[in-house]
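Working through the structure, step by step
The chain contents come next:
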Amino acid sequence: MDMKWGFFSHAHIATLVLASVMIVGLYYFLKGRKPALQQAVLLPFSLLGVGAIVFNLVRWDAPLEYLPLHLCSINAMLLPVVVLTRNKTLGNLLLVWCLGALAALVINFEMADTVLFGEAFIAYYFPHVFEFGVPILLFKLKLVEKDSRCIGSTIGITMAIYTVVHVCNKLINFWCASQGLSTRVNYMFSIEPSNPLVALFHQIIPYEYWHMYMVLPIVAVYLIIVYTPELAARRTEKLRHKTV
């Protein structure tokens, strides 16, 4: 009998540990090596998400339900660009977006019944591991500069893309209904709750689109944690110059 991935089952917990081991192991393998080699090694890992997008579009014969409009899919498409260009604005953006990949691994309700190491599991698990891990590694290896001045662009780009995706949801669902199709998409969960966490958001703000704004306080806390050391160091440097 095939083992299912489960939700916080032994198998699920083991895969979360495995994800941590892979990311930490990759960091220590690349630490101290030349940037060009670091980029060359990270590039194939950054392309796994693109491969998963293509696989899902072709394999499941339901292209409208597998368009690259979830946050993790957009992350997947940007990730190779950031690895190759080391763009600071996009890199800092993915430093926040990678939380979505982590959430997809931890809160795996939609995939809990997937057969462990079956094709659907592989196409979901490994791309999400590295959609979370590679942005973190880019900063840990100092390939991309962490800059608190990118907070504005990070929030602005994120909300703009979320808004565009919501409009796409409405247009696709309208078209499907007009054609008598039963397909109904919910990319970035903007239409309705699809897991207990989003359901909680919807209880607080019971309106489509707006309920996902409950993510903002979580992102704010994360940004404070991420950028406080840099902001503190910058303030210390300014005070030192004033006293010189």
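Residues numbered from 1 in each chain as written. Predicted model: local features only at pLDDT ≥ 70, side-chain atom pairs only at ≥ 80, totals over all residues. Heavy atoms only, no water.

**Quick notes on the side chain of Asn 186**
Mapped onto the fold, Asn 186 is located in the loop between α7 (151-178) and α8 (196-204). Look at Asn 186 and you get buried, because its relative accessible area is 16%. In terms of polar contacts, Asn 186 uses its side chain to reach the backbone amide nitrogen of Ile 191, at 2.8 Å. (Helix = DSSP H or I, 4+ residues; strand = E, 2+ residues; numbered from the N terminus. Buried < 20%, exposed > 50% of the residue type's maximum accessible area, 1.4 Å probe, protein only. Polar contact = N/O pair within 3.5 Å; in protein donor to acceptor, adjacent residues only side chain to side chain.)

**Description of a nonpolar patch on the surface**
A contiguous nonpolar patch, built from Phe 7, Phe 8, Ile 13, Val 17, Val 21 and Phe 109 and spanning about 520 Å² of accessible area, is present on the exposed surface. Secondary-structure assignment places Val 21 in helix α1 (residues 10-30). Relative accessible area serves as the criterion here: at 53%, Val 21 is assigned to the exposed category. (Patch = residues over 30% accessible without salt bridge, like charges linked within 9 Å, V, L, I, M, F, W, Y side chains within 5 Å. Areas by Shrake-Rupley, 256 points an atom, 1.4 Å probe, with all protein chains shown as cover. Salt bridge = Lys/Arg side-chain N within 4 Å of Asp/Glu carboxyl O.)

**Considerations on the nonpolar core**
Counting 55 residues, the largest nonpolar core has Leu 42 and Leu 138 as the members making the most contacts within it. Contributions of two or more residues to this core are made by α1, α2 (35-46), α4 (71-85), α5 (88-106), α6 (119-140), α7, α8 and α9 (215-243). Setting aside residues no more than four positions away along its own chain, Leu 42 makes contact with Leu 26, Leu 30, Val 83, Val 134, Leu 137, Leu 138, Leu 141 and Leu 143. (Core = buried A, V, L, I, M, F, W, Y, C linked by side-chain atoms within 4.5 Å. Contact = heavy atoms within 4.5 Å.)

**Re the packing of aromatic side chains**
Under the definition given, this model contains 16 aromatic pairs. Aromatic pair Tyr 125 and Phe 126: ring centres 4.9 Å apart, planes at 80°, arrangement edge-to-face. Each ring, one from Tyr 162 and one from Tyr 209, has its centre 5.0 Å from the other, and the planes form 15°; the classification is stacked. Of this pair, Tyr 162 sits in helix α7 while Tyr 209 sits in the loop between α8 and α9, and the two are 47 residues apart along the sequence. Residue classification places Tyr 162 among the buried positions, given a relative accessible area of 4%. What makes Tyr 209 buried here is its relative accessible area of 11%. Members of the aromatic cluster, connected to one another through ring pairs, are Trp 5, Phe 117, Phe 121, Tyr 124, Tyr 125 and Phe 126. (Phe/Tyr/Trp six-rings, centres within 6.5 Å; stacked < 30°, edge-to-face > 60°.)

**Quick notes on helix α3 (residues 48-59)**
In this model, α3 (12 residues) spans 16 Å end to end at C-alpha, consistent with the 16 Å of a helix rising 1.5 Å per residue. Along α3, the positions that sit buried rather than exposed are Gly 49, Ala 52, Ile 53 and Asn 56. Each buried residue of α3 lies within a common arc of 105° when the element is viewed along its axis, so the set occupies one face. Contact partners of the buried residues in α3: α2, α4 and α6. (Expected span 1.5 Å × (residues − 1). Arc of directions from axis to C-beta.)

**Re the pattern of salt bridges**
Enumeration over the complete set of coordinates arrives at six salt bridges. Put simply, Asp 147 and Lys 88 hold a salt bridge, and the shortest N to O gap is 2.9 Å. You can see Asp 147 sitting in the loop between α6 and α7 and its partner Lys 88 sitting in helix α5, a full 59 residues away along the chain. Here Asp 147 falls in the buried class, since its relative accessible area comes to 2%. Looking at Lys 88, the relative accessible area reads 31%, which means it is partly exposed. Two residues, Glu 192 and Arg 184, come together in a salt bridge whose shortest N-O distance is 3.9 Å. Here the residues in one salt-bridge network are Lys 88, Glu 145, Asp 147 and Arg 149, joined through shared partners.

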